[in-house]
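# Close look at the chain arrangement
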Amino acid sequence: MIINAISGGGSGAFLEVTSENSGVVTVYNNAVGKTYTKTVQAGTPVIFKGLSTGIWTVEISNNGQTAAKTVEINDDYEITMAFFAAYLNVTYPANSNCTITNADGVVVATDNNSTASTKTFVATVGAEGVYTVTASAIDGSKDKEVNVSIDADGQTKNVTLSYAMYLFKSGEGAKIDFLTYNDKDGTATITVGTDEITLYAQSSVTGFRTALRSKNTIDFAQYTALKMKCTPTAVYTNIYSSDWENSVGVTATAFTSSESTISWAARSKITASSTETTIVVDISAVGTSSTTTSSYYFGLQLGGRMTITEIWLE
Amino acid sequence: MRIYIDGEYKCHVLSSEGLREFDVPFFNGKCDEFIEGYRYVPFGEFWEREDGVVFWGEMVSPWKNYDRLYRAQAEYEHQLLLEYESALTEIEIALGVTSE
């Protein structure tokens, strides 16, 4: 949109507005309490007459797209404006509704999915900023939200939402079948209880380690993060193998003992902490909804002492 | 294995301006395609994903589809095995040894 201020005869100035797109143009000056509105066709200028000198705001809108500029009207000038449009490719869970709000809490897009499969839709947003994308189960049982930042016209961002899948939850115990591996000499043990999973090595003598694995493969394709809430009070240094690294993550093979060399697809190291901490592993590139060449398991290996209260996927 | 990471913690096999060098045993024996499909976040640092989730190091995680990296590594190891077998055959021939 091109704005030309033309000094006219008589009282007030002329303001000529030309737009590359059709839309509605609103010109206002709150200081003098004046507002003018005209419909503009692409390529055809419209003229606002009798504008007093001062600061005016010019806005144009069309099908959810907006653009605004503040101009000082006195003599001739030019301003070029353009509509802003960016795109959010949103994938959200089955049997859910999806809502996108801007930083002011205004709803800018919604979508509904009453099917048993995930759904993807494209939302157009008309300004830079941080948008909150929220998926809510139709039955009201759960929801998930993520923030995404848009900072350029024409930008496209992919957003995937999924509800948390718990592998272990304090008070409810294991939500999946686990395999536990104690140290072969019995000097380090792992116990899966109802309130917590306990890993305990009798001493810091290296070689005393435990391991935990999901018994079956897990479809990680719909999740982007593995999280574990734990208190690792002691983590002992490994001197045997670089693949025993006191870690939690996703493994590409089904290891079978606490001494196994684990083929990690993604993992984060466990480091000692006297307070509860949440370890987060990026698994956004692990797993696929199409044919896979490898199977994926949750895995954990530790030489030390730790209690775990929650393990979940988001 | 010596690797280099950029400002997004993505791994590179060759040094370049702006990259930081780290020795990461996780990548021992891995082919270049595998390594460069990964992200390495050192201990004490964090990476914030575009959706706002924060990942503290030390972490290794793929940013390219892991299946693809897995296949690349398997093919790499297969080629190595063929080379070793070929070299072994040449040695055997040179020594006049016959494999039964």
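Below: a short report on this structure. (Residues numbered from 1 in each chain as written. Chains lettered and ligands numbered in written order. Predicted model: local features only at pLDDT ≥ 70, side-chain atom pairs only at ≥ 80, totals over all residues. Heavy atoms only, no water.)

When you go through chain A residue by residue, the secondary structure sums to zero helices and 27 strands. Across the 314 residues in chain A, those meeting the buried criterion constitute 47%. Partitioning the contacts of chain A with sequence separation of at least 6, the portion at a separation of at least 24 is 62%. Total accessible area on chain A stands at roughly 14,300 Å², and carbon and sulfur atoms take up 44% of it. (Helix = DSSP H or I, 4+ residues; strand = E, 2+ residues; numbered from the N terminus. Buried < 20%, exposed > 50% of the residue type's maximum accessible area, 1.4 Å probe, protein only. Contact = heavy atoms within 4.5 Å. Areas by Shrake-Rupley, 256 points an atom, 1.4 Å probe, with all protein chains shown as cover.)

A sheet is described by the order of its strands in space; here seven strands give the open sequence 18(A)-21(A)-26(A)-23(A)-24(A)-7(B)-4(B), paired in antiparallel fashion. Sheet topology places strand 18 (178–181) of chain A together with strand 4 (38–41) of chain B at the edges, where each strand pairs with a single neighbour. Adjacent strand axes in the sheet meet at a mean angle of 20 degrees, parallel and antiparallel pairs treated alike. Where strand 4 of chain B meets strand 7 (residues 59–62) of chain B, four bridges bridge the pair, whose relative direction is antiparallel. (Pairing = 2+ DSSP bridges. Axes fitted to C-alpha atoms, helices over the stretch in contact; angles between N-to-C directions.)

Our focus in this paragraph is the interface of chain B and chain A. Put simply, an interface is often sized by how much accessible area is lost when its parts join up. If you look at the interface, chain B gives 26 residues, while chain A gives 31 residues. Across the chain B to chain A interface the summed buried area is about 2,100 Å²; carbon plus sulfur atoms make up 48%. Of all residues in chain B, Glu 58, Tyr 66 and Asp 67 of chain B give up the largest surface area on contact with chain A, accounting jointly for 25% of the area buried on that side. Inspection of the chain B/chain A interface yields two salt bridges. Its salt-bridge partner being Arg 49 of chain B, residue Asp 282 of chain A comes within 2.7 Å of it at the nearest N-O pair. Across the chain B-chain A interface, the total number found is eight residue pairs in polar contact (both at pLDDT 80 or more). Listing elements by their share of the side of chain B that touches chain A, those giving two or more residues are strand 4, strand 6 (54–56), strand 7 and helix 2 (66–95) of chain B. Split into classes, the residues belonging to the side of chain B that touches chain A amount to 15 nonpolar, three polar and eight charged. As paired elements, strand 24 (residues 264–269) of chain A and strand 7 of chain B share two bridges and run antiparallel to each other. Bridging from a neighbouring strand, Ser 268 of chain A pairs with Met 59 of chain B of strand 7 of chain B. (Buried area = accessible area lost by both parts, 1.4 Å probe. Salt bridge = Lys/Arg side-chain N within 4 Å of Asp/Glu carboxyl O. Polar contact = N/O pair within 3.5 Å; in protein donor to acceptor, adjacent residues only side chain to side chain. Nonpolar A, V, L, I, M, F, W, Y, C, P; charged D, E, K, R; others polar.)

This paragraph deals with a nonpolar patch on the surface. Together, Leu 88, Ile 91, Leu 95 and Val 97 of chain B line one region of the surface with nonpolar side chains, adding up to about 390 Å² of accessible area. Judged by its relative accessible area of 47%, Ile 91 of chain B is partly exposed. (Patch = residues over 30% accessible without salt bridge, like charges linked within 9 Å, V, L, I, M, F, W, Y side chains within 5 Å.)

So, about the sheet that holds strand 10 (residues 96–101) of chain A. Residue and element names in this part refer to chain A. Across the sheet, four strands lie side by side as 11-10-13-14; this open sheet has antiparallel pairing. Edge positions in the sheet fall to strand 11 (107–113) and strand 14 (143–150), since each has one partner strand and no second. In this sheet, adjacent strand axes meet at a mean angle of 15 degrees when their direction is disregarded. Note that strand 13 (residues 129–137) and strand 14 share eight bridges and pair antiparallel. Across the sheet, Gly 129 pairs through a bridge with Ile 150, a residue of strand 14.

Here the focus is the packing of aromatic side chains. For the structure shown, the criterion picks out 16 aromatic pairs over all chains. Aromatic side chains Phe 34 of chain B and Tyr 66 of chain B sit 6.4 Å apart centroid to centroid with 75 degrees between the ring planes, which places their arrangement in the edge-to-face category. Remark: Tyr 66 of chain B occurs in helix 2 and Phe 34 of chain B occurs in helix 1 (residues 32–35); sequence separation between them is 32 residues. Of the residues examined, Tyr 66 of chain B reaches a relative accessible area of 2% and is grouped as buried. Members of the aromatic cluster, each reached through a chain of ring pairs, are Tyr 296 of chain A together with Phe 26, Phe 27, Phe 34, Tyr 38, Tyr 66 and Tyr 70 of chain B. Lying across the ring of Tyr 166 of chain A, Lys 169 of chain A places its NZ or CZ 4.4 Å from the centre. (Phe/Tyr/Trp six-rings, centres within 6.5 Å; stacked < 30°, edge-to-face > 60°. Lys NZ or Arg CZ within 6 Å of the ring centre and 35° of its normal.)

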